[in-house]
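Given next are the chains, with one letter for each unit.
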Amino acid sequence: MNIFNWIKYEIKACLRSAAISKKWPEKLPFERITVEPPRDASNGDIATNAAMILAKPIGIDPYDIYLPLAEGLKKLESVKSVEIVEPGFINIRLLSGVWLAQVSKILEFGQNFGSSRMGAGRKVNVEYVSANPTGPLHAAHARGAVFGDALASLLEKAGFQVVREYYVNDVGSQIDKMAHSVYFRYLEALNANSNIPECDYPGEYLKDLGKALVMREGDNLINALEQEWLEPVRTFAVELIMTNIMKDLLTMGIHMDRFSSERAIVKKNVISRALAKLEEAGLVYRGVLTPPKGKCPDDWEPRPQLLFRSTKFGDDVDRPLQKPDGSWTYFSNDIAYHMDKVERGYMDMIDVFGADHGGYVNRIKAAVSAITAGQGNLDVKLCQIVHMLDGGKPVRMSKRSGNFVTLSEVLDTVGPDVLRFIMLTRRNDQTLEFDYRQVSEQSRNNPVFYVQYAHARACSVIRNAKEIFVAEDLSDFALSQAEINLLTDHNELKLSKLLASWPRVVESAASSHEPHRVAFYLANVAAAFHELWSKGRENARLRFILKNEREITMARIALVRATATVIASGLKIIGVTPMDELRG
RNA sequence: GCACCCGUAGCUUAAUUGGAUAGAGUUCUGCCCUCCGAAGGCAGAGGUUACAGGUUCGAAUCCUGUCGGGUGCACCA
């Protein structure tokens, strides 16, 4: 249960009855009321802005809102105190037993604690990775992949029905270029005279693809005409590259529910339906674009094209739907793809893009808005670039030579757990520094280690307790029955409150589409736990295990176990395996 | 030239979506192991939130402008 939601409900109930008895105006902005833990714990457990929000529309002093509210809240058994401070915050304290009871709940519900019904089973489509099948994933793809995957898990935890989707851009000139290169390498592998020019498409892996093609086709394609070999080579290469991409994703623990092929979308001719919708709304016309000022391409020529009126939705210019040869643009196919998502029942969509696609956001949002008559929601999350460092020095990445750092190389050096966690230690719209050396450090400034260490320590305590209390049942269920109210230390309460706020973290991170909050929350939990641990070093009375005091030990073990449970639950969203011990 | 994103301690950054005295790590200094994992903890210090206005009970957050950095700019994907 989310305690904050519950108190919010009670606050609104009090205010509604006060509104009637005191004849307050009818339409008050109750939706703007927040109920949250104050930043500074000395301000109590829970704070609300209700008095400040409502004072003006009612035309009274915040204090006159506080009075009936406090009167109502104080009737609740769990509420210890309610007070108002300048400039009108109402601070609420709950009996410590309320928070401690959450510790027992954690043990009762296990990893399900924190799961929310906020999403109410609403379908959400999360599209991420979507790297072109023209080569292996490289390090820069990792961020979007991890972000999207964690976001999907987070939304699931918050009660949404999520599908993880990869859009395969298996059509277009890039793909054909790649296929040409593969064919060139194929001829090279056979020592055949090449009458086609070497393509400038970079990458060593193309040689492997060429050889693999030899394995499969022998010299069957050696004298084929382009229109004969292009299709099979393209299909072969895309399949193989996608297999490798999926292998990397699997290593990272990413399992996509669906791979949507652009080629299939084109084939199904979804675009004609999408276009019909746009035309119906009067959003398609034939016109001539003006060249951008200050950066006019050399080969610019004014030509009439089929355009989408995206400016009507706040875009800078209207966007072309057709290429000069009459075929559809990438944008058109993407409109069709989003239409396809909508037709599959996803009115809520999230696209995870790299920052270099920022200029694309407005037009695709415009398109979604247009084809759903404003009913569909598309949130585009841009992931900023990752600077790869090695001991503070930038790792050079040359795209031109094709010598970029591949994702599988990174995974080999640091492993999937470290990679996943670090990718979420920054907001998605901030650039991120990824230092090979620092992320494998085992110290406080490595958040992955720090959180894992807390989990391992907690597990260690339980192991020790089992040895000392051999006859005792230390199962989660047994611990959930422990006399938890014996916990009275300040740090124990602080940790309990933090653990109790896990459901709130899940809900707020999910609704803002910000999975990094989970990583930061876990770092907080770890810090509170390490702090509590150290108290036992300074004062033996505060240690978790007191050999001759069964009752208090059970209560403390319960808290320790709850801590491990919440950490594990959070790590699961991030996609990191919790470690029971770190010793090698 | 235009658009989008960003600008927070020396460095890397967070801030409960508009809340209270802007929090962490790193670095430096000094403490805490007879003891459940010192791979930890505690304390000190560091800020005109790029700048200037505005909106209001209240702004790092929203609006306008300026400066600085990044990304993109018919037809590619």
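Within any chain, residue numbers begin from 1 and follow the written order of that chain's sequence. Numbering of ligands from 1 and lettering of chains from A proceed in the order in which they are written. In keeping with the model being predicted, local features are shown solely for residues with a pLDDT of at least 70 and side-chain atom pairs are shown and tallied solely at 80 or more, while totals for entire chains, interfaces and linings include all residues. Only hydrogens and water are set aside; all other atoms, that is, all heavy atoms of the structure, feed into the side-chain values.

Chain A goes by Arginine--tRNA ligase in an unreviewed UniProt entry, where it is assigned to Candidatus Endolissoclinum faulkneri L5. UniProt positions are given in the numbering used here, feature names are shortened, and annotations may be inferred rather than shown by experiment. What UniProt states about chain A under its Subunit (unreviewed entry) heading is, verbatim, "Monomer." Quoted verbatim from the Catalytic activity (unreviewed entry) field of the UniProt record, the comment on chain A reads "tRNA(Arg) + L-arginine + ATP = L-arginyl-tRNA(Arg) + AMP + diphosphate".

**Student:** How should I be thinking about the pairing of strand β4 (residues 89–94) in this particular structure?
**Tutor:** A regular strand carries its side chains on alternate faces of the sheet. Pairing analysis gives 3 bridges linking strand β2 (residues 46–48) to β4, with the strands arranged antiparallel. Along β4, the bridge assignment pairs A47 with N91. Bridge count between strand β3 (residues 79–85) and β4: 6 bridges; the pairing is antiparallel. Across the sheet, E83 pairs through a bridge with N91, a residue of β4. Here, any two strands with at least 2 DSSP bridges between them count as paired. To qualify as a helix, a DSSP run of H or I must reach at least 4 residues; to qualify as a strand, a run of E must reach at least 2; elements of each kind are numbered from the N terminus. Counted between consecutive antiparallel strands, the loop separating β3 from β4 contains 3 residues, among which G88 sits at a positive phi close to 140°.

**Student:** Hey, could you run me through the protein's contact with RNA strand B in this one?
**Tutor:** The environment of RNA strand B is formed by 75 residues, the closest being Q442, R504, S512, R537 and R543. The sugar and phosphate moieties of RNA strand B supply 62% of its atoms located within 4 Å of the protein. Within the side chain of R457, an N or O atom sits 2.5 Å from a phosphate oxygen of RNA strand B. Here a base oxygen of RNA strand B and a side-chain polar atom of R517 are 3.4 Å apart. Listed by contribution, the elements that provide at least two residues to the surface near RNA strand B are α2 (50–58), β4, α6 (173–189), α15 (447–468) and α19 (516–538). Being near a molecule or strand, for a residue, comes down to having at least one heavy atom within 4 Å of it. Each polar contact in these results corresponds to two N or O atoms within 3.5 Å; when the atoms are within protein, one needs to be able to donate a hydrogen and the other to accept it, and residues that are neighboring in sequence are counted only if both atoms are side-chain atoms.

**Student:** How should the domain arrangement of chain A be read in this particular structure?
**Tutor:** Interface size is often expressed as the accessible area that is lost when the parts come together. For chain A, the assigned domains read domain 1 (3–94), domain 2 (128–282 + 317–440) and domain 3 (447–574). Either an automatic procedure or a domain database provided the assignment from which the domain bounds are taken. Computed from C-alpha atoms alone, the centre-to-centre distance between domain 1 and domain 2 is 49 Å.

**Student:** Would you explain the nonpolar core in this entry?
**Tutor:** Side chains that are nonpolar tend, in soluble globular proteins, to be buried together. Among buried residues, those of type Ala, Val, Leu, Ile, Met, Phe, Trp, Tyr and Cys that are joined through side-chain atoms within 4.5 Å constitute a nonpolar core. The buried label applies to any residue whose accessible area, calculated with a 1.4 Å probe on protein chains only, is under 20% of its type's maximum; exposed applies above 50%, and partly exposed to all values in between. Core analysis: the largest hydrophobic core is formed by 120 residues, its most contacted members being L249, L419 and F434. In terms of residues, this core owes the most to one element, helix α20 (residues 550–574), which gives 13 residues. Three or more residues apiece are contributed to this core by two domains, here domain 2 (128–282 + 317–440) and domain 3 (447–574). It only takes one pair of heavy atoms within 4.5 Å for two residues to be counted as in contact. The contacts of L249, once residues within four sequence positions are left out, are V129, L137, A145, Y166, I254 and M256. With 34 residues, the next largest nonpolar core counts I7, I65, L69 and V98 among its residues.

**Student:** It is not clear to me how the packing of α15 against α20 should be interpreted in this structure. Could you clarify?
**Tutor:** Helices that pack against each other are described as a pair by the angle of their axes relative to one another and the distance between those axes. Here the axes come from fitting lines to C-alpha atoms, over the contacting stretch only for helices, and the angles between their N-to-C directions go from 0 to 180 degrees. Closest axis-to-axis distance for the α15/α20 pair is 9 Å, and the angle between their directions is 145°. Considering the relative orientation of α15 and α20, their crossing is left-handed. Residues V451, Q452, A454, H455, A458, V461, I462 and A465 of α15 form the contact with α20, whose own contacting residues are I557, V560, R561, A564, I567, A568 and L571. Its residues assigned to classes, the contact of α15 with α20 comprises 12 nonpolar, 2 polar and 1 charged. Handedness of a crossing is defined here by the sense of rotation of the near helix relative to the far one, left-handed for an anticlockwise turn of less than a right angle and right-handed for a clockwise turn. Classification convention: Asp, Glu, Lys, Arg as charged; Ala, Val, Leu, Ile, Met, Phe, Trp, Tyr, Cys, Pro as nonpolar; all other residues, Gly among them, as polar.

**Student:** Quick question: what am I supposed to make of α6 here?
**Tutor:** Two residues of an α-helix separated by three or four positions point the same way, owing to the 3.6 residues in each turn. Across its 17 residues, α6 extends 24 Å between first and last C-alpha, which sits within 8% of the 24 Å expected from 1.5 Å per residue. Those residues of α6 that sit buried are I175, M178, A179, S181, V182, Y183, F184, R185, Y186 and L187. Among the structural elements, α7 (205–217) and α8 (226–251) are those in contact with the buried residues of α6. Following α6 by one or two positions, N191 has its phi on the positive side, about 55°. Working rule for helices: expected span equals 1.5 Å times residues minus one.

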